[in-house]
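Coordinates in review
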Amino acid sequence: AQKITQTQPGMFVQEKEAVTLDCTYDTSDQSYGLFWYKQPSSGEMIFLIYQGSYDEQNATEGRYSLNFQKARKSANLVISASQLGDSAMYFCAMRTQAGTALIFGKGTTLSVSS
Amino acid sequence: EPEVTQTPSHQVTQMGQEVILRCVPISNHLYFYWYRQILGQKVEFLVSFYNNEISEKSEIFDDQFSVERPDGSNFTLKIRSTKLEDSAMYFCASSNRVMPGNTIYFGEGSWLTVV
C-alpha cells in the first residue's frame, strides 16, 4: 500500500531561519514522484517542488529544496530564509507509476514569526 | 500563467439537495481530478478522469457522486443527495500526462457547506 507520513503537526520558526519539514513515504513501485504543496489560510493548493525517484540530484526551487534520501524513503522539504508569508500548511504527496492519483500526507502547519 | 478555475468558490446547500461543482482545467491538459479536504484534515483523492471516462476512483466516490465533461472545457462533479459529512473543500485538478513526474495543478477550491 502507498502511504505518506508527516509526523510534525506544527512547526515554529523565526523569520530568516531555515526550517525542515519531514516526509516519509512507502511504496513498492520503483518509479514514483514526490511533491510538496503549500496551502495558505485562503485555501488554495500551490505546487512548490517535485522530486523523481530516479533523480540523482536533490530538487531545488528558489528558497525550497528537497532533501531526498531514497534508502530511508524520506523527502524532507527545506525552506531557507523563512519569510512571514511562508506561514501555511505544507503537504507532502506522492504519485506512482501504477496510479494516477496523488496521495497526500496529513500536512504540517508552519508558523513563521518576526 | 494558465490555471485551473473553479466555481462556485463557496456554496451552502440543504441536506438532500443536489450540488454541481464546476471546473475549467488547464486547456492542454488531458487528465482531470477531484479531491476533497474536510476542514482541518488531509486532502483525499476522489476520482480521476481521462478520455471521457473515469480512470480511477477512491472508496469515497460512491454512487452519490458523478463526474462529467459536458463540453470541451468544463469538468463537473455532481453530488446527488448531499449529506452533512459532504461539507468540505472540493479541489479540481488537472495534469498534462499521467507519468509520476507530471505536476498536478489545483484550482482554488469550492467550499461546500451542507446544512
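Scroll up to find the structure this text is about.
A brief look at the structure comes next. (Residues numbered from 1 in each chain as written. Chains lettered and ligands numbered in written order. Predicted model: local features only at pLDDT ≥ 70, side-chain atom pairs only at ≥ 80, totals over all residues. Heavy atoms only, no water.)

**Structural notes on the overall build of chain B**
Our working definition: Helix and strand assignments come from DSSP, with helices taken as H or I runs of at least 4 residues and strands as E runs of at least 2, each series counted from the N terminus. Here the globule rule reads 2.2 Å times residues to the power 0.38, and the radius of gyration is calculated from C-alpha atoms. Remark: exposure states derive from per-residue accessible area (1.4 Å probe, protein chains only) relative to the maximum for the residue type, with buried under 20%, exposed over 50%, and partly exposed in between.
A tally of helices and strands in chain B yields zero helices and eleven strands. Ordered by position from the N terminus, the helices and strands of chain B form the series β-β-β-β-β-β-β-β-β-β-β. Relative to the globule expectation of 13 Å for 115 residues, the C-alpha radius of gyration of chain B, 13 Å, shows essentially globular dimensions. Each principal axis of the C-alpha atoms in chain B carries an extent, and together these give about 40 × 25 × 25 Å. In chain B, which comprises 115 residues, the share counted as buried stands at 44%.

**Description of the interface of chain A and chain B**
What counts here: Whether two residues are in contact is decided by their heavy atoms: any pair within 4.5 Å suffices. Once two parts are brought into contact, the accessible area they lose, counted with a 1.4 Å probe and summed over both, makes up the buried area. Basic side-chain nitrogens of Lys or Arg form a salt bridge, by our definition, when they fall within 4 Å of a carboxyl oxygen of Asp or Glu. Nitrogen and oxygen atoms within 3.5 Å of one another constitute a polar contact, given that in protein one can donate a hydrogen and the other can accept it, and given that sequence-neighbouring residues count only through two side-chain atoms.
On the side of chain B, 24 residues touch chain A, which itself brings 22 residues to the contact. Summed over both sides, the interface of chain A with chain B buries roughly 1800 Å², with 60% coming from carbon and sulfur. For chain A, the biggest contributors to the area lost against chain B are R95, T100 and F104 of chain A; these three give 32% of the whole. On inspection of chain A and its partner chain B, the count reaches zero salt bridges. Inspection of the region where chain A meets chain B yields six residue pairs in polar contact (both at pLDDT 80 or more).

**Thoughts on the side chain of Q39 of chain A**
The residue Q39 of chain A is located in strand β5 (residues 32-39) in this model. Residue classification places Q39 of chain A among the buried residues on the basis of a relative accessible area of 9%. In terms of polar contacts, Q39 of chain A uses its side chain to reach the backbone carbonyl oxygen of G43 of chain A, at 2.9 Å. Not counting the four nearest positions on each side in its chain, Q39 of chain A is found in contact with E44, M45, A88, M89 and F91 of chain A together with Q37 and F91 of chain B.

**So, the packing of aromatic side chains**
All names here are of chain A. Short version of the rule: For Phe, Tyr and Trp, rings pair up if their centres lie within 6.5 Å, where Trp contributes its six-membered ring, and each pair is then called stacked (planes under 30 degrees apart), edge-to-face (over 60) or tilted (otherwise). Only lysine NZ and arginine CZ atoms are considered, and such an atom sits over a ring when it is within 6 Å of the ring centre and within 35 degrees of the ring normal.
If you walk through the whole model with that rule in mind, you get 21 aromatic pairs over all chains. When the ring of F35 is compared with that of Y50, the centres are 5.0 Å apart and the planes differ by 50 degrees; the resulting orientation is tilted. Of this pair, F35 sits in strand β5 while Y50 sits in strand β6 (residues 46-52), and the two are 15 residues apart along the sequence. Relative accessible area serves as the criterion here: at 0%, F35 is assigned to the buried category. Positioned over the ring face of Y64 is R63, at 5.7 Å from the centre of the ring.

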